[in-house]
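# Structural overview
Each chain, letter by letter, is given below.
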Amino acid sequence: MKYDLSKHPYFEAYTDPETGVTSYLLKERVGEQQMNFYFTNSGMTQDGEYLWFQALNWPAEISTLAAVSMNPEKPGLRHFPAAGFSGGGNLPVVMPGSHDVLFGVRESIYKVSPDGKITKVLSLDPDFLNNRIPTRLMTHGSISCDARRIILDIRMADKTYIATGDLETGEVTMVHKFARHYDHAMYAPNDPNLILIDQDWERDSMTGERFDVDARMWLMDLRGTRFEPVLPGNWFRHNGSIICHDFWSKDGWLCWPDLLDRVYEHNPATRETNPVWNRAACHAHTIDRRYWVCDDSPYKWGKRPCKVVFFDRESGKELDIFSALPVPNCPKSAVFHLEPHPSFTDDGEYIVSMTTVRDGRVDLAVTPVEPLISMCRERGIYAGPDAQPGKD
């Protein structure tokens, strides 16, 4: 690890009473609720110097950005009230190779730096808007592997518009429009013209009637040559599966948990699909397809505590990071997306998640991975793809 968080004055250690895994909770506060970025985006800068996070103050439905210096010898914590977003989308992303973060507000994308400088990066064309206000510019920021463009899955007037934004010139290029709801657009990590996009449920804005997903995961070539479902034979909810919260691994495989089954990986080039982890997770994450983490399950909070679980593919064993998270002490809403959303930092050194171990208080947690691996291999429970079902 670059820095020893046990020596950081802004973090306090928490050891899970069931497994002995130690994580570090940010004890300095700039918000009543403090939580990580959405699991597809690490809030840690690539050089490991800053950890960005969301600060919230219920009942105000707005998230604002803050950053903590990870260097114990140069601790610092800054809150940026003007760097705020709401509506359940426009979630931030760290710009590769920098300390800056992109976030969306109404029709514009902005950049904020640790020194507090905020700069407009791009805006939608007024003629395209035609006096309308988008409810979302992007679900969560995703930047192309050449670091030139950001993908936009604009939601406006019950329509979805896919576009790209040039991060240098600010030019926005429309790619396609849909008469239904698509979201979670993410660039492939190895192809600047390929995105993963999800079909999502929607509610008619006039009648309130809900329309469910048909096929969740789709691949789209931004040059207009490809738009196809990842799993053509999978009809959402009709095949004994509920695929959710899909993402890319760093080497260009697609990964997802099935709420009714287990965690999978898929090679989009060969269409090979493999079960990886025998856990019906809610959100799962990996960067190298060797080490995995998930939450299980914020969808069942109220019936039982939620947990955050680590999985080592080599040994096939899993170990709880947080074995029993109590229900958050404030309501969940579109903005208060209060779920652990655990994910690895880009260098694989840490897992960052939201935790509620302090009597339901919403806190930012950082778990070092290296000691977790040895602990999992020593005392974990087997949970490989051939494990018997029936775990909690």
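Coordinates for the structure precede this section.
Residues numbered from 1 in each chain as written. Predicted model: local features only at pLDDT ≥ 70, side-chain atom pairs only at ≥ 80, totals over all residues. Heavy atoms only, no water.

## Some words on the sheet that holds strand β7 (residues 93-94)
Through backbone hydrogen bonds, the strands of a sheet pair up, either in parallel or in antiparallel fashion. As summarised here, the arrangement of the four strands in space is β7-β8-β9-β10, forming an open sheet in which the pairing is antiparallel. The sheet is open, and its two borders are formed by β7 and β10 (118-123), each paired with just one other strand. Note: strand β8 (residues 101-105) against strand β9 (residues 108-112), five bridges, orientation antiparallel. By the bridge assignment, G104 is partnered in β9 with I109. (Pairing = 2+ DSSP bridges. Helix = DSSP H or I, 4+ residues; strand = E, 2+ residues; numbered from the N terminus.)

## Thoughts on the pairing of β10
Side-chain positions along a regular strand alternate between the two faces of the sheet. Of the strand pairs in this sheet, β9 and β10 are connected by five bridges, and their pairing is antiparallel. Among the inter-strand pairings, S108 is bridged to a residue of β10, identified as S123. Two successive antiparallel strands, β9 and β10, enclose a turn made up of five residues, where G116 displays a positive phi of approximately 95°.

## Some points on the packing of aromatic side chains
Scanning all chains against the criterion turns up 14 aromatic pairs. Look at Y182 and W218: their rings are 6.4 Å apart centre to centre, the planes differ by 85°, and that puts the pair in the edge-to-face class. Taken together, the residues Y182 in strand β14 (residues 182-188) and W218 in strand β18 (residues 217-221) connect sequence positions 36 residues apart. With a relative accessible area of 14%, W218 lands in the buried category. An angle of 15° between the planes, with centres 4.6 Å apart, marks the rings of W218 and F227 as stacked. Exposure remark for F227: the relative accessible area of 34% places this residue in the partly exposed category. An aromatic cluster is defined as three or more aromatic residues linked by ring pairs; in this entry it consists of F178, Y182, W218 and F227. The residue whose ring lies beneath R132 is F128, and the NZ or CZ to ring-centre distance is 5.7 Å. Stacked on the ring of W253, the Lys or Arg R289 has its end atom at 4.0 Å from the ring centre. (Phe/Tyr/Trp six-rings, centres within 6.5 Å; stacked < 30°, edge-to-face > 60°. Buried < 20%, exposed > 50% of the residue type's maximum accessible area, 1.4 Å probe, protein only. Lys NZ or Arg CZ within 6 Å of the ring centre and 35° of its normal.)

## A look at the pattern of salt bridges
Summed over the entire model, instances satisfying the criterion amount to 26 salt bridges. Two residues, R216 and D246, come together in a salt bridge whose shortest N-O distance is 2.7 Å. Of the two residues, R216 sits in the loop between β17 (210-211) and β18 while D246 sits in the loop between β19 (227-229) and β20 (247-248), which places them 30 residues apart along the sequence. Residue classification places R216 among the buried residues on the basis of a relative accessible area of 10%. D246 gets classed as buried once you look at its relative accessible area, which sits at 2%. Salt bridges sharing common partners tie together R155, R180, E202 and D214. (Salt bridge = Lys/Arg side-chain N within 4 Å of Asp/Glu carboxyl O.)

## A few points about the side chain of D16
Turning to its location among the elements, D16 is positioned in the loop between β1 (11-15) and β2 (22-26). Here E18 takes part through its backbone nitrogen, which lies 3.0 Å from a polar atom of the side chain of D16. (Polar contact = N/O pair within 3.5 Å; in protein donor to acceptor, adjacent residues only side chain to side chain.)

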